[in-house]
Amino acid sequence: MIRILLAEDEAAMRTYLARALENAGYEVVAVDRGTAAIPYLEEYHFDLLLSDIVMPEMDGIELAQRCAELSPKTKVMFITGFAAVTLKASREAPQAKVLSKPFHLKDLVLEVERIFGQQAQASI
């Protein structure tokens, strides 16, 4: 089963995203800030880090950089409502997919499936 670490500081959005991904068949661990995600990355394997970019303490870009050190095989996808932040993310974490808010849950699930669909086809 594909495991996703979700870092989103907004409680309603975090619950909403986690539920959508779980309903789509993914295992989700949700945390409320980047700093809370680090121990999970140190301890467990995740296939995807899904992170808001703008969060207190540690933003999503810093978190993605730490993720690359701690768990280099983990893919990264950002979610953000800020266009300027999207440009920064594209520069500083070019391998990451950025999904801009607002988006439909089905768009999120499709993007996640696309990330792992390509992987699944490559291993055949």
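As the structure is a computational prediction, the values presented were derived from the model and not from experiment.

**Here's the deal with the packing of helix α2 (residues 34-43) against helix α3 (residues 60-70)**
Move 1: One way to put it is that α2 packs onto α3 with a least axis distance of 10 Å and a crossing angle of 10°. Classified by the interaxial angle, the pair formed by α2 and α3 is roughly parallel. Listed contacts from α3 to Gly34, Ala37, Ile38, Leu41 and Glu42 of α2 are Leu63, Arg66, Cys67 and Leu70.
Move 2: Grouping the amino acids of the contact of α2 with α3 by side-chain chemistry returns six nonpolar, one polar and two charged.

**Describing helix α1 (residues 11-23)**
Move 1: Here α1 contains 13 residues, and its C-alpha end-to-end distance of 18 Å stays within 8% of the 18 Å for a straight helix at 1.5 Å per residue.
Move 2: For α1, every residue scored as buried is listed here: Met13, Arg14, Leu17, Ala18, Ala20 and Leu21. Buried residues in α1, looked at end-on, bunch into an arc of 165°, giving them a common side. Those residues of α1 that are exposed and angled more than 90 degrees off the buried face are Ala12, Arg19 and Asn23.

**Comments concerning the nonpolar core**
Move 1: In this structure, Leu5, Leu41, Leu49, Leu63, Val76 and Phe78 are the most contacted members of the largest nonpolar core, which totals 21 residues.
Move 2: Counting residues per element, this core draws most heavily on α3, which supplies four residues.
Move 3: Once residues lying within four places of it in the same chain are set aside, the contact partners of leucine 5 are Val29, Val31, Ala37, Tyr40, Leu41, Phe46, Leu48, Leu49 and Leu50.
Move 4: Of all hydrophobic cores here, the second largest spans 19 residues; its members include Met13, Leu17, Met77 and Phe103.

**Comments concerning the pattern of salt bridges**
Move 1: Evaluation of the coordinates by the stated rule reveals eight salt bridges.
Move 2: Note that glutamate 27 and arginine 3 form a salt bridge whose closest N and O atoms lie 3.0 Å from each other. Note that glutamate 27 is positioned in strand β2 (residues 27-31) and arginine 3 in strand β1 (residues 3-7), a separation of 24 residues in sequence.
Move 3: The network of salt bridges with common partners includes Glu8, Asp52 and Lys101.

Definitions and limits used
Residues numbered from 1 in each chain as written. Predicted model: local features only at pLDDT ≥ 70, side-chain atom pairs only at ≥ 80, totals over all residues. Heavy atoms only, no water. Axes fitted to C-alpha atoms, helices over the stretch in contact; angles between N-to-C directions. Helix = DSSP H or I, 4+ residues; strand = E, 2+ residues; numbered from the N terminus. Parallel < 35°, antiparallel > 145°, perpendicular 65-115°, else oblique. Contact = heavy atoms within 4.5 Å. Nonpolar A, V, L, I, M, F, W, Y, C, P; charged D, E, K, R; others polar. Expected span 1.5 Å × (residues − 1). Buried < 20%, exposed > 50% of the residue type's maximum accessible area, 1.4 Å probe, protein only. Arc of directions from axis to C-beta. Core = buried A, V, L, I, M, F, W, Y, C linked by side-chain atoms within 4.5 Å. Salt bridge = Lys/Arg side-chain N within 4 Å of Asp/Glu carboxyl O.

Geometric descriptors of this kind do not, in isolation, establish any biological role.
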